[in-house]
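Now for the letters of each chain:
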Amino acid sequence: MQTDMIANLTLMAPELLITVGALALLMIGAFSGERAYSLVNSLTVAILLVALALVVLFPQDGHVFGRAFVTDPFSRFMKVLTLVGSIVTLVMSVGFAKSEKFDKFEFPILALLATLGMLLMISANDTLSLYLGLELQSLALYVVAAINRDSARSTEAGLKYFVLGALSSGMLLYGISLVYGFTGHTGFEAIAQALSSSERQLGVVFGLVFIFAGLAFKISAVPFHMWTPDVYEGAPTPVTAFFATAPKMAAMALFTRVAVETFQPITHDWQQIIVFIAIASMVLGAFAAIGQRNIKRLMAYSSISHMGYALVGLSAGTLVGVRGVAIYMLIYLVTTLGTFAFILAMRRKEGNVESIGDLAGLSRTRSDHGDHPHDPDVLVGRYSAARWVLGQMVYFPCSNAGQSLCAGYYWYRGFGRRCVLLSAHHQDHVVRRTRRRFRSHGGRVAPGPWSVRPAGAILRPGGRPGQHVC
């Protein structure tokens, strides 16, 4: 029996490592004094790297705790994405912490505890373990959102997230209670078996709706997206980067498992819900972002739109659709981390750049290598590099949206492609703002691999007018 217990616990080795590490780091931070942040942040990254190595190098499949915790290839893939997102955001936060006096050791510890909740969410195979992992993540993120106590915006962001998060948790719990009441089970597999062996009951559908509403809040899908722009804008930029990456991986993995495994016998009922959420997210994310002037709010609406594209694959209700969701989340993670890395790197004398208007003339406000910031040749090189990077940021989300769109319905795909083209207008606006001041210095632009046209007409290298990316 002891051997079986040890074998079962090895399936949870990454989660156990993070748990013990978080408790140890809390004591280290409390007794380390002023230098606690650098030490705790470094140790946190090291713990997450070891956990990532355990997931990748020692793969195991199985169930523990009465089948409430499961490890399989899908969970391992999504755990890798989650851990990579957490590691990269913690590394990116180091420079910001030094320049903006954000060096609080509580941030990496809370991020570590939130990551633990995410891993539990990904491996949840029971509604009770689902809720425990979700709340462990949420409670840590509530504090992280308001961690900058000297900022009124950060405090407001944390309060909004807490109030709306509590509402979504109540809806989720109510849905779980309804499903348990009508099926008599809390395990995902047992619920699916109960739904297969009996006729569908209206109470189960109501429970399904409430569960999906709670999960849609976690991925910022419409109509449960209200918290996202305010929290993204009010929280410190590294916290925003963390919100936009790791939690989205875990929540989408949980959403996919609940829909495809637990409620697979009533797929036709929840497909309609997912289709509505996906279309609403794509439309609102694309149109609402047009008028944004704050970069972080723009990223919030971009995240909402991306979740809509990912849900297109889930709406198919097939394994091909699940693969499309997983691949899309991988691409979303890479592009979002890259975007926030550039946002954190852009600075003016007043501090980090947050407004799109502040990008005008950014290339001539700072010189890191001792060159002359007003030299036209330097400006040409910097502008060409910036234009190429922004072009990549437009091209990759547009071209790879097809990974998830291909799994959806035919009319659905055409609708999604048009939303992608509309979304390209947002990045085009940023490019035009950076180019406006540059032209006052002679307007010499070095030839680059991308030609940027208004409203989504982004051409491939060597492309002809009218030949769009998407």
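Residue numbers restart at each chain and count upward from 1, following the sequence in its written direction. Note on the predicted model: pLDDT of at least 70 is required for a residue's local features to be given, and 80 or more for side-chain atom pairs to be given and counted; whole-chain, interface and lining totals, by contrast, use all residues. To obtain the side-chain values, all non-hydrogen atoms of the structure were included, while hydrogens and water were left out.

Chemist: How do you make sense of the overall build of the chain when you look at a structure like this?
Modeler: Runs of H or I in DSSP of at least four residues are treated as helices and runs of E of at least two as strands, each being numbered from the N terminus. What the chain contains, in helices and strands, is 18 helices and six strands. For the chain, the residues scored as buried account for 54% of the 470 residues in total. Contacts between residues were defined by any pair of non-hydrogen atoms, one from each residue, lying within 4.5 Å. Taking all contacts inside the chain whose residues are at least 6 apart in sequence as the whole, residues at least 24 apart take part in 75%. Per-residue accessibility takes into account occlusion by the displayed protein chains alone, with areas from the Shrake-Rupley method and a 1.4 Å probe. Surface accessibility of the chain: about 20,200 Å² in total, with carbon and sulfur atoms responsible for 64%. When accessible area is computed with a 1.4 Å probe and restricted to protein chains, residues below 20% of their type maximum are described as buried, those above 50% as exposed, and intermediate ones as partly exposed.

Chemist: I tried to follow the pattern of salt bridges on my own but got confused; where do I start?
Modeler: Side chains carrying opposite charge are able to pair once their charged atoms draw close together. The term salt bridge refers to a pairing of a side-chain nitrogen on Lys or Arg with a carboxyl oxygen on Asp or Glu at a separation within 4 Å. Tallied over the entire structure, the rule returns ten salt bridges. A salt bridge links Glu-15 to Lys-79; its shortest N-O distance comes to 2.8 Å. With a gap of 64 residues between them, Glu-15 in helix H2 (residues 13–31) and Lys-79 in helix H4 (residues 73–99) connect regions that are remote in the sequence. One exposure class covers both Glu-15 and Lys-79, and it is buried. Taking the shortest distance from any N to any O, the salt bridge between Arg-257 and Glu-261 comes out at 3.3 Å. Here Arg-257 and its partner Glu-261 are both found in helix H12 (residues 246–262), four residues apart, which amounts to about one turn of the helix. Overall, the relative accessible area of 3% leaves Arg-257 in the buried class. Among the charged side chains, a salt-bridge network with shared partners connects Arg-153, Glu-156, Lys-160, Asp-230, Glu-233 and Arg-297.

Chemist: Would you explain the layout of surface pockets in this entry?
Modeler: Here the idea is plain: a probe the size of a water molecule rolls over the atoms and shows the empty space left. Throughout, the protein atoms alone are placed on a 1 Å grid, and a set of points is a cavity if a 1.4 Å probe fits but cannot get out or a pocket if it is open with protein on both sides within 12 Å along at least five of seven lines; lining residues have an atom within 4 Å of a point. Grid points are joined across faces, edges and corners, and a volume is the space filled by probe spheres set on the points. When its volume is computed, the second largest pocket comes out at roughly 280 Å³. Along the walls of the second largest pocket sit 18 residues, with Phe-96, Glu-100, Asn-148, Pro-236 and Glu-354 positioned nearest its centre. Secondary structure elements with two or more residues in the lining of the second largest pocket: helix H7 (152–183) and strand E4 (351–352). Polar here means any residue outside two lists: the nonpolar Ala, Val, Leu, Ile, Met, Phe, Trp, Tyr, Cys and Pro, and the charged Asp, Glu, Lys and Arg; Gly therefore counts as polar. Residues that form the lining of the second largest pocket fall into these classes: four nonpolar, seven polar and seven charged.

Chemist: Can you help me understand helix H11 (residues 237–244) in this one?
Modeler: Residues spaced three or four apart along an α-helix point in a common direction, a consequence of the helix completing one turn every 3.6 residues. Counting buried residues along H11, eight of its eight residues qualify, which places the element largely inside the surrounding structure. Taken together, the buried positions of H11 are occupied by Thr-237, Pro-238, Val-239, Thr-240, Ala-241, Phe-242, Phe-243 and Ala-244.

Chemist: Please clarify how the nonpolar core should be interpreted in this entry.
Modeler: For soluble globular proteins, nonpolar side chains are generally found buried alongside one another. For this analysis, a nonpolar core means a set of buried residues of the types Ala, Val, Leu, Ile, Met, Phe, Trp, Tyr and Cys, connected via side-chain atoms within 4.5 Å. Membership of the largest hydrophobic core comes to 114 residues, with the highest contact counts inside it found for Phe-212, Phe-243, Phe-263, Leu-311 and Met-329. Ranked by residue count, the leading element in this core is helix H14 (residues 295–315), at twelve residues. With residues up to four places along the chain from it excluded, the contact list for Phe-243 reads Leu-141, Val-144, Ala-145, Tyr-161, Trp-227, Val-231, Tyr-232 and Lys-248.

Chemist: Would you take a moment to explain empty space enclosed by the protein for this structure?
Modeler: Under the criterion given, the structure shown has four cavities of 30 Å³ or more. In terms of lining, the largest cavity is formed by Gln-137, Leu-141, Tyr-161, Lys-218, Trp-227, Phe-243, Pro-247 and Lys-248. Elements that contribute at least two residues to the lining of the largest cavity include exactly helix H6 (127–145) and H12. Split by residue class, the lining of the largest cavity holds five nonpolar, one polar and two charged. As a volume, the second largest cavity reaches approximately 50 Å³. Around the second largest cavity sit Thr-127, Leu-130, Ile-176, Val-179, Phe-188, Ile-191, Ile-211, Val-258, Thr-262 and Phe-263, which together line it. Listing elements by their share of the lining of the second largest cavity, those giving two or more residues are H6, H7, helix H8 (188–196) and H12. In terms of residue class, the lining of the second largest cavity is built from eight nonpolar, two polar and no charged.

Chemist: It is not clear to me how the packing of H4 against H12 should be interpreted in this structure. Could you clarify?
Modeler: Working note: a packed helix pair is described by the angle between its axes plus the distance between those axes. Under this scheme, a helix contributes an axis fitted over its contacting stretch, all axes are lines through C-alpha atoms, and angles between N-to-C directions fall in the 0 to 180 degree range. Packing of H4 against H12 leaves a shortest axis separation of 7 Å and a crossing angle of 165°. Between H4 and H12, the crossing angle belongs to the class labelled roughly antiparallel. The two elements H4 and H12 meet at a crossing, and its hand is left-handed. On H12, the residues touching Phe-74, Ser-75, Met-78, Leu-81, Thr-82, Gly-85 and Ser-86 of H4 are Ala-246, Met-249, Ala-250, Ala-253, Thr-256 and Arg-257. Partitioned by chemical class, the residues of the contact of H4 with H12 number seven nonpolar, five polar and one charged. Relative orientations are named as follows: roughly parallel for angles under 35 degrees, roughly antiparallel for angles over 145 degrees, roughly perpendicular for angles from 65 to 115 degrees, and oblique for any other angle. Handedness of a crossing follows from how the near helix is turned relative to the far one, being left-handed for an anticlockwise turn of less than a right angle and right-handed for a clockwise one.

Chemist: Got a minute to help me understand unusual backbone geometry in this structure?
Modeler: As a rule of thumb, non-glycine residues mostly have phi less than zero, and peptide bonds are mostly trans rather than cis. In this model, Val-222 is joined to Pro-223 through a cis peptide bond whose omega is 10°. In this fold, Pro-223 is placed in the loop between helix H9 (202–218) and helix H10 (227–234). A positive phi angle is found at Phe-65, which is not glycine, with a value near 55°. Position of Phe-65 among the secondary structure elements: in the loop between strand E1 (62–64) and strand E2 (69–71). With a phi close to 65°, Arg-67 is a non-glycine residue in the positive phi region. Along the chain, the position of Arg-67 falls in the loop between E1 and E2.

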